Number of protein chains: 2
Amino acid sequence: MASQPYERKHKVTVIGSGNWGSAIAKIVAENAAAHNNIFQEEVQMWVYEEKVEVPKDSKHFDPADTLCQGPHNLTEIINHYHENIKYLPGIGLPKNLHANPSLEDAVRDATILIFNVPHQFIIRICDQLKGKILPFARGISCIKGVDVNEQGVSLFSETIGKKLGIYCGALSGANIATEVAKELWSETSIAYHPPPLDSKAPSPSASTTEIVHFEHKDTSGQLADVKLQALPTQYPPVDHETWKALFHRPYFHVRVVDDVAGVSLGGALKNVIALAAGWVEGLGWGDNAKAAVMRVGLLEMVKFGDKFFSATINPRTFLQESAGVADLITSCNGGRNYRCAKLSVERGQSIEEVERTELNGQKLQGTSTAEEVNRYLKKQGLEDEFPLFTAVYRILEGKMRPEEIPNQIEDIPERAGSKL
Amino acid sequence: MASQPYERKHKVTVIGSGNWGSAIAKIVAENAAAHNNIFQEEVQMWVYEEKVEVPKDSKHFDPADTLCQGPHNLTEIINHYHENIKYLPGIGLPKNLHANPSLEDAVRDATILIFNVPHQFIIRICDQLKGKILPFARGISCIKGVDVNEQGVSLFSETIGKKLGIYCGALSGANIATEVAKELWSETSIAYHPPPLDSKAPSPSASTTEIVHFEHKDTSGQLADVKLQALPTQYPPVDHETWKALFHRPYFHVRVVDDVAGVSLGGALKNVIALAAGWVEGLGWGDNAKAAVMRVGLLEMVKFGDKFFSATINPRTFLQESAGVADLITSCNGGRNYRCAKLSVERGQSIEEVERTELNGQKLQGTSTAEEVNRYLKKQGLEDEFPLFTAVYRILEGKMRPEEIPNQIEDIPERAGSKL
Ligand SMILES: NC(=O)c1ccc[n+]([C@@H]2O[C@H](COP(=O)([O-])OP(=O)(O)OC[C@H]3O[C@@H](n4cnc5c(N)ncnc54)[C@H](O)[C@@H]3O)[C@@H](O)[C@H]2O)c1
Ligand SMILES: NC(=O)c1ccc[n+]([C@@H]2O[C@H](COP(=O)([O-])OP(=O)(O)OC[C@H]3O[C@@H](n4cnc5c(N)ncnc54)[C@H](O)[C@@H]3O)[C@@H](O)[C@H]2O)c1
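Since we're looking at a predicted model, the values are computed, not measured.

The UniProt feature table records "domain: Glycerol-3-phosphate dehydrogenase NAD-dependent C-terminal" (unreviewed entry) at residues 259-406 of chain A. Regarding residues 259-406 of chain A, the helix share stands at 76% and the strand share at 0%, and the terminal C-alpha atoms are separated by 32 Å.

On to the site of ligand 1. Residues and elements named next belong to chain A. Surrounding ligand 1, one finds 20 residues, the nearest of these being Gly18, Asn19, Trp20, Lys144 and Ala177. Asparagine 116 places a side-chain nitrogen or oxygen 3.5 Å from an oxygen atom of ligand 1. Residue alanine 177 places a main-chain N or O atom 2.8 Å away from an oxygen atom belonging to ligand 1. Taking 840 Å² as the accessible area of ligand 1 by itself, protein coverage stands at 79%. At three residues, helix H1 (residues 19-34) tops the list of elements feeding residues into the shell around ligand 1. When the residues that make up the shell around ligand 1 are grouped by side-chain class, the tally is 11 nonpolar, six polar and three charged.

All names here are of chain B. Residues in contact with ligand 2 amount to 20 residues; listed here are only the nearest, Gly18, Asn19, Trp20, Lys144 and Ala177. The side chain of tyrosine 48 places a nitrogen or oxygen atom 3.4 Å from a nitrogen atom of ligand 2. Compared with its free state, where it exposes 840 Å², ligand 2 has 79% of that area covered by protein. If you tally residues by element for the shell around ligand 2, the top one is helix H1 (residues 19-34), at three residues. Here the residues of the shell around ligand 2 are counted per class, giving 11 nonpolar, six polar and three charged.

Counting residues in hydrophobic clusters, the biggest one holds 285 residues, and the most contacted among them are Ile114(A), Trp243(A), Phe304(A), Ile114(B), Trp243(B) and Phe304(B). Sequence-distant contacts of Trp243(A), defined by excluding residues within four places in its chain, comprise Ile112(A), Ile114(A), Arg138(A), Gly139(A), Ile140(A), Ile190(A), Tyr192(A), Val238(A), His248(A) and Val256(A).

The next subject is the state of the cysteines. Per the counting criterion, the structure on display carries zero disulfides over all chains. You can see Cys126(B) has no disulfide; the closest cysteine sulfur is in Cys168(B), sitting 8.3 Å from it.

For the pair of chain copies, the relating operation is a rotation around an axis with a shift along it. Expressed as a screw operation, the relation of chain B to chain A combines 0.0 Å of axial shift with a rotation of 180 degrees, fitting to an RMSD of 0.0 Å. Both chain copies can therefore be described as sitting about a two-fold axis. The share of interface residues of chain B whose copies in chain A are also at the interface is 100%, consistent with both copies meeting through the same surface.

Before going further, it helps to spend a moment on the pattern of salt bridges. Counted under the stated rule, the structure contains 40 salt bridges over all chains. For Arg108(B), the salt bridge goes to Asp105(B), with nearest N and O atoms at 2.9 Å. Three or more residues are tied together by salt bridges with common partners; here these are Lys26(A), Glu30(A), Glu183(A) and Arg249(A).

All names here are of chain A. An order of E5-E2-E1-E6-E7-E10-E11-E14 is seen for the eight strands of this open sheet, with the pairing classed as mixed. Two strands in the sheet have a free side with no partner beyond their single neighbour: strand E5 (97-100) and strand E14 (252-257). Going from strand to strand, the sheet's axes swing by 25 degrees on average, the running direction of each strand aside. The strands that helix H2 (residues 74-81) touches are strand E2 (43-46) and E5; relative to E5, the one it contacts most, it runs at about 165 degrees.

This brings us to the interface of chain B and chain A. Chain B puts 47 residues into the contact, and the matching count from chain A is 47 residues. At the boundary of chain B and chain A, one finds two salt bridges. In this structure, the salt-bridge partner of Arg295(A) is Glu187(B), at a minimum N-O distance of 2.6 Å. Joining chain B to chain A, the criterion identifies nine residue pairs in polar contact (both at pLDDT 80 or more). At the level of elements, helix H6 (177-181), strand E11 (186-191), strand E14 (252-257), helix H9 (286-308), helix H10 (316-320), helix H11 (322-334) and helix H16 (405-409) of chain B are the ones that each hand at least two residues to the side of chain B that touches chain A.

On to the sheet that holds strand E6 (residues 112-115) of chain B, then. Residue and element names in this part refer to chain B. Within the open sheet, the eight strands sit side by side as E5-E2-E1-E6-E7-E10-E11-E14. Their pairing is mixed. Looking at which strands have only one partner, the edges of the open sheet turn out to be strand E5 (97-100) and E14. Each adjacent strand pair in this sheet contributes to an overall mean axis angle of 25 degrees, direction not counted. Packing of helix H2 (residues 74-81) onto the sheet brings it into contact with strand E2 (43-46) and E5, and relative to E5 it is tilted by some 165 degrees. Helix H7 (residues 240-247) rests against strand E1 (12-15), E6, strand E7 (138-141), strand E10 (167-172), E11 and E14 of the sheet, and its axis sits at about 165 degrees to E14.

Residue and element names in this part refer to chain A. If you check the domain split of chain A, you get domain 1 (10-258) and domain 2 (268-409). Using only C-alpha atoms to locate each centre, domain 1 and domain 2 end up separated by 29 Å. At the junction of the two partners, domain 1 supplies 24 residues and domain 2 supplies 19 residues. For the pair domain 1 and domain 2, the summed buried area comes to about 1,800 Å², and 60% of that belongs to carbon and sulfur atoms. Summed over the shared surface of domain 1 and domain 2, the number is two salt bridges. Between aspartate 327 and lysine 144 there is a salt bridge, and its shortest N-O distance comes to 3.0 Å.

Of all 13 residues that make up helix H11 (residues 322-334) of chain A, 12 are buried, and the element is covered over most of its length. Of the residues making up H11(A), those classed as buried are Ser322(A), Ala323(A), Gly324(A), Val325(A), Ala326(A), Asp327(A), Leu328(A), Ile329(A), Thr330(A), Ser331(A), Cys332(A) and Asn333(A).

Bringing the packing of aromatic side chains into the picture now. All names here are of chain A. Inspection of the entire model under this criterion finds 24 aromatic pairs over all chains. Between phenylalanine 304 and phenylalanine 308, the ring centres sit 4.7 Å apart and the planes meet at 65 degrees, which makes this aromatic pair edge-to-face. With phenylalanine 304 and phenylalanine 308 both in helix H9 (residues 286-308) and four residues apart, this pair spans about one turn of that helix. On the basis of relative accessibility, which here comes to 0%, the residue phenylalanine 304 falls in the buried class. On the accessibility criterion, phenylalanine 308 (13% relative accessible area) is buried. The aromatic ring of phenylalanine 386 is capped on one face by lysine 303, whose charged end is 5.5 Å from the ring centroid.

So, on to helix H14 (residues 365-380) of chain A. Between its first and last C-alpha atoms H14(A) spans 23 Å; for 16 residues at 1.5 Å apiece the expected length is 22 Å, and the two agree. Looking only at H14(A), the buried set comprises Gly366(A), Thr367(A), Thr369(A), Ala370(A), Val373(A), Asn374(A), Tyr376(A) and Leu377(A).

A few words now on the packing of H9(A) against H11(B). Close contact between H9(A) and H11(B) brings their axes to 9 Å; oriented N to C, the two are set at 135 degrees. On the basis of their axis angle, the class for H9(A) and H11(B) is oblique. For the element pair H9(A) and H11(B), the recorded crossing hand is right-handed. Counting all contacts with H9(A), which are made through Asp287(A), Asn288(A), Lys290(A), Ala291(A), Met294(A), Arg295(A) and Leu298(A), the residues of H11(B) involved are Ser322(B), Val325(B), Ala326(B), Ile329(B), Thr330(B), Asn333(B) and Gly334(B). In the contact of H9(A) with H11(B), the residues fall into six nonpolar, five polar and three charged.

All names here are of chain B. Tracing the chain through its elements places threonine 317 in helix H10. Judged by relative accessible area, threonine 317 falls into the buried class, the value being 5%. A distance of 2.5 Å separates polar atoms of two side chains, one belonging to threonine 317 and the other to aspartate 259. When neighbours within four sequence positions are excluded, threonine 317 is seen to be in contact with Asp259, Gly262, Val263 and Gly324.

About the cut-offs
- For every chain, the first residue of the written sequence is number 1, and numbering continues from 1 onward in sequence order.
- Chains and ligands are labelled sequentially in the order written, the chains with letters from A and the ligands with numbers from 1.
- Side-chain atom pairs in this predicted model are given and counted only at pLDDT of 80 or more, local residue features only at pLDDT of at least 70, and totals for whole chains, interfaces and linings cover all residues.
- Computation of side-chain values: all heavy atoms of the structure, hydrogens and water removed.
- UniProt positions are given in the numbering used here, feature names are shortened, and annotations may be inferred rather than shown by experiment.
- Secondary structure elements follow DSSP: runs of H or I no shorter than four residues count as helices, runs of E no shorter than two count as strands, and numbering proceeds from the N terminus.
- For this purpose, a residue is taken to be near a molecule or strand whenever a single non-hydrogen atom of the residue falls within 4 Å of it.
- Any pair of N or O atoms that falls within 3.5 Å is considered a polar contact. Within protein, one atom must be able to donate a hydrogen and the other to accept it, and sequence-neighbouring residues count only if both atoms are side-chain atoms.
- Using a 1.4 Å probe, the Shrake-Rupley method yields the accessible areas, and only the shown protein chains count as cover for residues.
- We call Asp, Glu, Lys and Arg charged. Ala, Val, Leu, Ile, Met, Phe, Trp, Tyr, Cys and Pro are nonpolar, and the rest, Gly among them, are polar.
- Only buried residues count toward a nonpolar core. Its members are Ala, Val, Leu, Ile, Met, Phe, Trp, Tyr and Cys residues joined through side-chain atoms within 4.5 Å.
- A 1.4 Å probe rolled over the protein chains alone gives each residue an accessible area, and that area as a share of the maximum for its type sets the label: buried under 20%, exposed over 50%, partly exposed in between.
- Here, two residues are considered to be in contact whenever any of their heavy atoms come within 4.5 Å of each other.
- A pair of cysteine sulfur atoms is labelled a disulfide when the two atoms are within 2.5 Å.
- Least squares is used to superpose the copies, and the fit set is the C-alpha atoms of residues whose pLDDT is at least 70 in both copies.
- Basic side-chain nitrogens of Lys or Arg form a salt bridge, by our definition, when they fall within 4 Å of a carboxyl oxygen of Asp or Glu.
- At least two DSSP bridges between two strands are required for those strands to pair.
- For helices, the fitted line uses only the C-alpha atoms of the stretch in contact; every axis is such a line through C-alpha atoms, and the angle between N-to-C directions lies from 0 to 180 degrees.
- The domain limits used here are those given by an automatic or database domain assignment.
- Buried area, as used here, totals the accessible surface that two parts lose on assembly, with accessibility defined by a 1.4 Å probe and the loss added over both.
- Between the rings of Phe, Tyr and Trp (Trp by its six-membered ring), a pair exists once the centres lie within 6.5 Å; its type follows the angle of the planes, with under 30 degrees stacked, over 60 edge-to-face, and the other angles tilted.
- Charge-over-ring contacts are defined here by two conditions on Lys NZ or Arg CZ: a distance within 6 Å of the ring centre and an angle within 35 degrees of the ring normal.
- The span one expects for a helix is its residue count, reduced by one, times 1.5 Å.
- Note on terminology: angles under 35 degrees are roughly parallel, angles over 145 are roughly antiparallel, angles of 65 to 115 are roughly perpendicular, and the others are oblique.
- Helix crossings fall into two classes, left-handed where the near helix is turned counterclockwise from the far one by less than a right angle and right-handed where it is turned clockwise.

Laid out in structure tokens, this is it:
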């Protein structure tokens with residue numbers, strides 16, 4: 001790839017600058033500099049602008065400095081101190097990372113878009129982006145979770161792709177933003193599998209806006225007529241190798257695979273399992289019991305993927321990739337859902353009470369995912385085939401007690417995971 | 001099964017009475033009583049006889065009681081107090097469990113033999129048992145680990161079966177003896193898959209000693225001429241249902257599968273991975289790094305099974321069964337190998353030093369398994385294909401540092417686990 005001469009380089013924009021957004025932007029900017037034959041060195045990071053004050057205990061605090069006097073724009077602070085003092089304090093950001101408060105300006109001419117915002121904001125952001133991005137841009141969504149509702153399950157990467165008319169893959173793994181930002185070693189999974197472009201259609205040049213139509217079998221198994229533009233030949237191709245060049249670091253090991261559904265589901269369903277692991281641990285049942293819950297949960301993950309994404313999912317993703325078993329392990333060892341569930345048993349409080357007192361306004365993702373998954377399973381008449389997911393929902397509802405988990409899940413293993 | 005009238009019931013003998021032997025004997029005796037249509041109520045437990053004193057803090061201690069005055073035989077104490085005060089103190093044993101110091105007497109007329117001793121004793125015990133057992137008895141080995149040497153890998157269940165001319169399955173899972181004995185919920189895996197008996201050979205009666213010859217494809221893929229006797233028709237058959245009846249308890253959930261090699265390998269190789277998990281944790285690298293090591297280790301387990309037991313192994317065992325991923329999780333969360341490896345990094349000591357100071361004379365199984373596995377891989381020229389197992393060995397040897405694990409294992413994921 002590096003040896004071929006391309007007229008243009010990719011411009012990379014990270015959309016979002018929270019805890020994970022800033023950590024990912026740091027990685028991407030480091031790699032844009034390291035691979036400046038493929039990428040433009042300057043990476044844009046869109047920041048939802050707000051006023052912040054440099055805290056007195058920050059190493060940047062200097063009373064003589066005007067930026068340290070009263071509140072200032074977060075983007076100004078990031079661009080001056082090269083640190084996101086609000087969402088990723090204490091971590092130096094690369095100088096080639098530019099914080100930009102204008103979404104439209106940040107994405108202008110960008111061929112690579114990295115989406116990294118809390119999921120509740122993504123639809124509105126896509127609405128703002130429509131018509132403002134290059135029609136042949138390629139995306140990666142770092143948003144964890146899936147959109148489950150009675151109509152079905154959709155991946156955020158799909159939602160983004162459909163809204164913007166581009167192809168969008170997914171990144172998910174056993175990653176805690178702060179640990180990654182500190183460069184503690186971890187692994188992640190990137191899934192990227194654009195539908196084949198019609199080989200008979202002419203490849204557009206950078207100046208044309210010609211659109212290539214093709215049939216795309218999306219993850220829900222339906223044929224959708226998606227408009228996807230081929231990348232102009234002036235640019236290096238965007239393939240698995242490109243994503244590895246953009247994300248892989250000595251402390252952040254990347255595997256690129258095809259299975260977008262598997263990678264995305266892992267990051268969502270693990271939170272449901274982590275609740276059950278926390279309850280069982282809270283009962284004082286020890287490591288054996290927690291491992292049993294995780295084993296059964298992993299099988300239900302595989303089965304869920306197989307039932308609802310059978311057209312594209314690879315059940316091996318859950319066993320082989322960081323986004324599967326590794327992320328599950330991390331979440332059941334110390335994640336937020338696990339910790340709150342454990343406390344709720346130990347204190348005899350509801351999980352909402354623990355959420356309120358412990359999480360400082362943040363919300364548990366496992367509880368809402370458990371409810372969404374259950375609503376969907378109920379509608380399909382499949383509650384019995386997912387006894388652990390169903391047990392978690394019933395316990396949240398107050399209709400079952402954590403002590404009943406072993407009996408509830410006793411029978412599934414014979415039935416689950418048959419597609420592996 | 002229960003509805004058919006059989007003239008005889010199975011007599012069950014547990015060979016071994018240590019920490020795990022006593023916990024398993026408790027379970028088996030509870031179930032023999034619960035299913036006294038299939039099993040004789042009295043269960044024999046062979047005890048390696050030794051003199052012990054009832055400790056003053058035991059609830060059984062009574063200075064007026066002669067058994068509490070000076071040392072007495074462990075079997076007398078167990079049969080009187082229904083507690084193994086030395087190896088499983090504080091746990092009441094069922095009254096239908098009989099401790100027996102004579103191996104020969106304990107196995108007389110037993111149709112079901114449960115082997116549960118530290119592995120270094122099993123060969124000698126088999127030598128003593130030869131000719132003393134029913135030729136049509138069936139066995140289950142609860143011994144963890146596999147016998148790896150330059151000639152190949154053998155399972156203890158195979159060794160027992162060959163030495164005694166009987167068929168022997170295996171039990172392994174995410175189980176800590178003391179937690180199981182306290183009836184904290186856990187799961188286990190039993191693997192049992194006797195070769196088909198020659199259907200043309202007459203079924204022997206209990207009084208005949210006719211031997212049925214058949215061809216048995218053993219786990220190493222070679223055809224072995226094993227002499228296996230069919231069970232006399234007077235006895236209920238010994239099948240998956242029978243093993244479930246004998247081992248499943250409300251607090252001990254059993255899945256019976258065919259894959260003896262998978263179930264046995266899981267219990268051995270997890271200890272090698274737990275060492276790596278401990279080192280990485282000792283470096284302060286956090287949960288992400290530990291999960292990454294476990295993910296890679298799981299893939300090497302699958303690959304090891306596939307390379308050396310391809311004739312019989314089911315790679316799904318590692319993902320689906322308690323003996324696979326669940327046991328790995330338990331061992332990497334708090335097992336002995338994990339804890340010593342973690343301490344060795346934290347204290348800057350060799351693992352042998354930690355073993356000496358922390359384990360009270362007990363030995364780490366992970367270190368010897370890592371060495372045996374490496375000797376075998378080296379001979380086959382396969383070290384590079386198992387970079388995590390190889391890294392663990394090199395670190396034990398002092399030729400690599402735990403910090404180098406990420407680079408060492410960076411490339412395998414592409415290659416491992418291909419058979420899943
Ligand atoms: N934090 C982690 O460790 C981690 C790890 C892996 C994946 N993720 C995933 O990454 C995604 C982002 O998570 P995060 O931890 O960075 O979130 P966060 O809570 O740190 O991010 C808050 C961000 O939202 C922005 N924001 C606030 N109000 C907004 C509005 N009205 N419109 C648009 N933006 C607004 C803030 O400016 C800030 O950048 C989530 O999907 C999460 O599941 C997080
Ligand atoms: N302890 C656990 O939590 C656990 C859990 C699962 C599997 N296992 C496996 O179970 C097997 C037995 O382990 P354990 O924990 O019961 O061992 P242990 O260390 O508690 O057992 C010691 C036993 O060995 C006997 N013994 C001592 N010297 C002997 C000799 N010369 N000949 C014969 N027997 C002798 C003792 O009488 C005692 O019964 C091992 O393979 C182990 O890997 C143990």
